[in-house]
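Coordinates in review
Okay, here's what each chain looks like letter by letter:
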Amino acid sequence: MIATQTPSTVQTVLADRFILTEVERFTLVFPAVWVAQIMRIDRSQILDLPFYDPLLTGIVHHNGQIIPLIVAARLLKVKNAIKERLVIVKLNESAGSIANIGLVVDRAIGSSTRLDLPPDLFAGTTTASQMLMMRPDLIPSDLWQPQS
């Protein structure tokens, strides 16, 4: 007999998994249930949005969707040049107020379980290893407002 996973079983498994990415000297951690996909795009595909907050790098059209892009290095206040080929973590509806955005990271490192990560990561504090959990409150609420 072949065991099948129901959607609730998949959600339970994903709730314990985390996607690890690298941004300069930081490891930015995403709950796996938030991640719709990790994709690569060319910088030339980005449509700039010059009158918005500098965190909002631009938008990209991908698989019939318009995805706003945020450079995670700017979010973490570290200098980072935007490369010609970008790695983007696209978030899904489970991410709440930051659903359907893409975060540009240096690279995807892999995945891990809660047990393999430092406990203080879940308390919202930065660890000595410079790991940071992605949270909706890291993105300013006025990001979507045009600026002059």
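Given the structure is predicted, the values throughout are model-derived calculations rather than measurements. (Residues numbered from 1 in each chain as written. Predicted model: local features only at pLDDT ≥ 70, side-chain atom pairs only at ≥ 80, totals over all residues. Heavy atoms only, no water.)

Notes on the packing of aromatic side chains
Threshold: Think of it this way: a Phe, Tyr or Trp ring, Trp meaning its six-membered ring, pairs with another when their centres are within 6.5 Å, and the plane angle makes it stacked under 30 degrees, edge-to-face over 60, tilted otherwise. We count a charge as sitting over a ring when the NZ of a lysine or the CZ of an arginine lies within 6 Å of the ring centre and within 35 degrees of the ring normal.
This model, assessed by the stated rule, comprises 1 aromatic pair. Over the face of the ring belonging to Phe122 we find Arg114, whose NZ or CZ atom lies 3.9 Å from the ring centre.

Brief notes about the nonpolar core
What counts here: For our purposes a nonpolar core is just a set of buried Ala, Val, Leu, Ile, Met, Phe, Trp, Tyr and Cys residues, chained together by side-chain atoms within 4.5 Å. Relative accessibility decides the category of a residue: with a 1.4 Å probe and only protein chains considered, values under 20% of the type maximum give buried, values over 50% give exposed, and everything between is partly exposed. To qualify as a helix, a DSSP run of H or I must reach at least 4 residues; to qualify as a strand, a run of E must reach at least 2; elements of each kind are numbered from the N terminus. Contacts between residues were defined by any pair of non-hydrogen atoms, one from each residue, lying within 4.5 Å.
Counting residues in hydrophobic clusters, the biggest one holds 39 residues, and the most contacted among them are Phe30, Leu69, Leu91, Ile98, Leu103, Met134 and Ile139. For this core, the secondary-structure elements that each account for two or more residues are strand E1 (17-23), strand E2 (26-31), strand E3 (35-42), strand E5 (56-62), strand E6 (65-71), helix H2 (72-75), strand E7 (85-91) and strand E8 (102-105). When residues of this core are assigned to their parent elements, the largest contribution, 5 residues, is made by E7. If sequence neighbours within four positions are ignored, Ile139 has contacts with Ile70, Leu75, Ile98, Ile101 and Met134. Counting 7 residues, the second-largest nonpolar core is a separate cluster that includes Leu20, Leu121, Met131 and Met133.

A short note on the sheet that holds strand E10 (residues 131-133)
Put simply, the rule reads: Between any two strands, at least two bridges found by DSSP are needed for them to pair. For helices, the axis comes from a line fit to the C-alpha atoms of the stretch in contact; other axes are also lines fit to C-alpha atoms, and the angle between any two N-to-C directions lies between 0 and 180 degrees.
With respect to topology, 4 strands assemble into an open sheet ordered E9-E1-E2-E10, the strand pairing being mixed. Looking at which strands have only one partner, the edges of the open sheet turn out to be strand E9 (107-113) and E10. Across the sheet, the axes of successive neighbouring strands diverge by a mean angle of 30°, strand direction being ignored. Sheet topology note: the E1/E9 ladder contains 6 bridges and is antiparallel. Paired with Leu20 across the two strands is Gly110, which belongs to E9.

Observations regarding unusual backbone geometry
Residue Glu24 is not a glycine yet carries a positive backbone phi of 55°. Following the sequence through the fold, Glu24 ends up in the loop between E1 and E2. Looking at Glu24, the relative accessible area reads 39%, which means it is partly exposed. Positive phi outside glycine occurs at Asn100, with the angle close to 70°. Within the fold, Asn100 resides in the loop between E7 and E8. Judged by relative accessible area, which is 30%, Asn100 ranks as partly exposed.

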